[in-house]
Amino acid sequence: MELEYNCPLCNGLITIREKCPECGGPMEDWGRVQDYVDPYQPYLDMNITASEKHDEGRCVHLFLCPRCGRDIRITVNQIPGP
Ligand SMILES: [Zn+2]
Ligand SMILES: [Zn+2]
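All of these numbers come straight from a predicted model, not from anything done at the bench. The residue numbers shown here count from 1 along each chain, following its written sequence. In the order they appear in the text, chains get letters beginning with A and ligands get numbers beginning with 1. Local features are withheld for residues below a pLDDT of 70 in this predicted model, meaning they are given only at 70 or higher, and side-chain atom pairs are given and counted only at 80 or more; totals for whole chains, interfaces and linings count all residues. Excluding hydrogens and water, the side-chain values take into account all heavy atoms of the structure.

1. What to know about the coordination of the zinc ion (ligand 1)
Any nitrogen, oxygen or sulfur atom within 2.8 Å of a metal ion counts as a donor, with the limit raised to 3.2 Å for Na, K and Ca, and since water is left out, coordination shells can look unfinished. Taken together, the protein donors to the zinc ion (ligand 1) comprise Cys 7 (SG), Cys 10 (SG), Cys 59 (SG) and His 61 (NE2), at separations of 2.0 to 2.3 Å. Think of it this way: with four donors and all angles in the 85 to 135 degree range, the site is tetrahedral; with four or six donors, opposite ones beyond 155 degrees and the rest between 65 and 115, it is square planar or octahedral; otherwise it is irregular. Seen from the zinc ion (ligand 1), its four donor atoms lie at angles of 107 to 115°, and the figure they make is tetrahedral. If you list the donors of the zinc ion (ligand 1) from N- to C-terminus, the spacing comes out as C-x2-C-x48-C-x1-H. Of the two residues, Cys 10 is situated in the loop between strand 1 (5–6) and strand 2 (28–32) and Cys 59 in strand 3 (residues 58–64); the sequence distance between them amounts to 49 residues. Any residue under 20% of the maximum accessible area for its type is buried, any over 50% is exposed, and the rest in between are partly exposed; the area is computed with a 1.4 Å probe on protein chains only. Among the residues examined, Cys 10 registers a relative accessible area of 41% and is labelled partly exposed. Put simply, DSSP marks the helices as runs of H or I at least four residues long and the strands as runs of E at least two long, and each gets a number from the N terminus on.

2. Overview of the coordination of the zinc ion (ligand 2)
On the protein side, the zinc ion (ligand 2) has Cys 20 (SG), Cys 23 (SG), Cys 65 (SG) and Cys 68 (SG) as donor atoms, found 2.3 to 2.4 Å from it. For the zinc ion (ligand 2), the four donor atoms in the first shell make angles of 102 to 126° at the metal, so the coordination geometry reads as tetrahedral. Donor residues for the zinc ion (ligand 2) sit on one chain with the sequence pattern C-x2-C-x41-C-x2-C. Taken together, the positions of Cys 20 in the loop between strand 1 and strand 2 and Cys 65 in the loop between strand 3 and strand 4 (71–77) put the pair 45 residues apart, joining distant regions of the chain. The buried category is assigned to Cys 20, whose relative accessible area is 5%.

And the structure:
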C-alpha cells in the first residue's frame, strides 16, 4: 500500500500569508498550480514543467497579487494522510 499524502494548505490545515515581492501587498492563494494547467485558463501565461505537475509529496500553489498581478509559486510539503 502506498502512503497517501495530503497538502495541508489544500485541506485548510494551514494558512500561508505571502507578501508581494513587487508592491508588498498581501497575495492571494489561488490553489494548486496543476489546477491551472488548463487550456481554458489562457490568461495565466505560465510555464509549468512536468515536475511541478507530478511532484510526489509536494503541492505547488499559485499565489497572485490582486494589486499588481504578480504571481509566484509556493511549494508546500505534503503530510501523510490518515
Ligand atoms: Zn495544496
Ligand atoms: Zn503586487
